[in-house]
Amino acid sequence: LVHCSDGWDRTAQLSSLSQLLLDPYYRTVEGFETLIEKDWCSFGHMFDKRAGSLDKNSTHETSPVFLQWLDCVYQIMSQFPTAFEFTEQFLLLIIDGLYSRWFTTFLGNSEAERKRRYNTEGCSNEADGSLWRFVRENNPGTHILNPCYKPTSAAVASRHGGPLPAKYTVQSLQLWRGLFLRS
């Protein structure tokens, strides 16, 4: 059982990161979308507050929790480059979708608020204005699909089909140049 004091931030980070390491389905495009929908959107992550919404009524509760999680995903992808169906570009598209506020997927502070304010089905991949729908309809596959992806690479990496044995020491981390040094 994972639960932090308010239940929104570290809970989503830890549970979704664990699932990503344990289950190869969440390392596919479809699985990753599902993971974000269920553990971040439906669970009630406060995207507007945490991302520093431009809303004048917004409180000062900004924290890059979701961005930190995506950086963790990037770190794992760097260690296991053939275990993910998607590329760094997919992660950057998600980050751009979050901070640009172009997609209803990451608007509001709860699924109920998204439904009420934006007349959507929450983060659903079928909702109008959904990032996932945009990805499907505009087929940026050549940029977001990993040509080196091997669905069985996770089992090979862990030798017994178990979780990805990610390294978490400071020495094994690297600067995400594609995000932090892009112009």
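What you see is a predicted model, and the numbers here were worked out from it, not measured in a lab.

Engineer: Go over helix α2 (residues 29-41), please, and point to the residues and values.
Structural biologist: Note: α-helices contain 3.6 residues per turn, so residues at a spacing of three or four share the same orientation. In terms of residue burial, α2 counts as a mostly covered element, since 10 of its 13 residues are buried. Considered for burial, the residues of α2 that qualify are Val29, Gly31, Phe32, Glu33, Leu35, Ile36, Glu37, Asp39, Trp40 and Cys41.

Engineer: I'd like a description of the packing of helix α4 (residues 65-79) against helix α5 (residues 88-100), backed by residues and values.
Structural biologist: Between α4 and α5, the least distance of the axes is 10 Å, while the angle of their chain directions is 175°. The angle between the axes of α4 and α5 places the two elements in the roughly antiparallel class. Counting all contacts with α4, which are made through Phe66, Leu67, Leu70, Val73, Tyr74 and Met77, the residues of α5 involved are Glu88, Leu91, Ile94, Ile95, Leu98 and Tyr99. When the residues that make up the contact of α4 with α5 are grouped by side-chain class, the tally is 11 nonpolar, no polar and one charged.

Engineer: Run through the packing of aromatic side chains, naming residues and quoting values.
Structural biologist: A full pass over the atoms with the stated rule returns 15 aromatic pairs. Plain terms: the ring middles of Trp40 and Trp69 are 5.5 Å apart, the flat faces sit at 45° to each other, and that makes the pair tilted. Of this pair, Trp40 sits in helix α2 while Trp69 sits in helix α4; the two residues are 29 residues apart in sequence, bridging distant segments of the chain. Judged on exposure class, the residue Trp40 and its partner Trp69 are both buried. Grouped by ring-pair contacts, the aromatic residues Phe32, Trp40, Phe66, Trp69, Phe84, Phe86, Phe90, Phe106 and Trp132 constitute a single cluster.

Engineer: Now, about unusual backbone geometry: what can you tell me, with residues and values included?
Structural biologist: Most peptide bonds adopt trans geometry, and most residues besides glycine take a negative phi value. Phi at Arg101 is positive, roughly 65°, even though this residue is not glycine. Looking at where Arg101 falls in the secondary structure, it is placed in the loop between α5 and α6 (111-118).

Engineer: Residue-level account of the nonpolar core, with values.
Structural biologist: In terms of nonpolar packing, the biggest core is built from 40 residues, with Phe32, Ile36, Phe66, Trp69 and Ile94 touching the most fellow members. Within the residue set of this core, elements represented by two or more residues are α1 (10-22), α2, α4, α5 and α7 (131-138). Look past the residues within four positions of Ile94 in its chain and what remains in contact with it is Phe32, Ile36, Phe66, Leu70, Phe106, Leu131 and Trp132.

Engineer: Outline the side chain of Asp39, listing residues and values.
Structural biologist: On the secondary structure map, Asp39 appears in helix α2. Classification of Asp39 as buried rests on a relative accessible area of 10%. Within the structure, the side chain of Asp39 is placed 2.9 Å from the side chain of Lys38, a separation counted as a polar contact. With residues up to four places along the chain from it excluded, the contact list for Asp39 reads Ala12, Ser15, Ser16 and Gln19.

Engineer: Which residues make up the layout of surface pockets, and what values do they have?
Structural biologist: By volume, the largest pocket is sized at about 260 Å³. What lines the largest pocket is Leu17, Leu21, Gln68, Asp71, Cys72, Gln75, Ile76, Gln79, Ala166, Lys167, Tyr168 and Leu173. Elements that contribute at least two residues to the lining of the largest pocket include exactly α1 and α4. Ranked by the residues each element gives to the lining of the largest pocket, the list is headed by α4, at six residues. Of the residues that constitute the lining of the largest pocket, the class distribution is seven nonpolar, three polar and two charged.

Conventions and cut-offs
Residues numbered from 1 in each chain as written. Predicted model: local features only at pLDDT ≥ 70, side-chain atom pairs only at ≥ 80, totals over all residues. Heavy atoms only, no water. Buried < 20%, exposed > 50% of the residue type's maximum accessible area, 1.4 Å probe, protein only. Helix = DSSP H or I, 4+ residues; strand = E, 2+ residues; numbered from the N terminus. Axes fitted to C-alpha atoms, helices over the stretch in contact; angles between N-to-C directions. Parallel < 35°, antiparallel > 145°, perpendicular 65-115°, else oblique. Contact = heavy atoms within 4.5 Å. Nonpolar A, V, L, I, M, F, W, Y, C, P; charged D, E, K, R; others polar. Phe/Tyr/Trp six-rings, centres within 6.5 Å; stacked < 30°, edge-to-face > 60°. Core = buried A, V, L, I, M, F, W, Y, C linked by side-chain atoms within 4.5 Å. Polar contact = N/O pair within 3.5 Å; in protein donor to acceptor, adjacent residues only side chain to side chain. 1 Å grid on protein atoms, 1.4 Å probe; cavity = no way out; pocket = protein on both sides within 12 Å on 5 of 7 lines; lining within 4 Å. Points joined across faces, edges and corners; volume = space filled by probe spheres on them.

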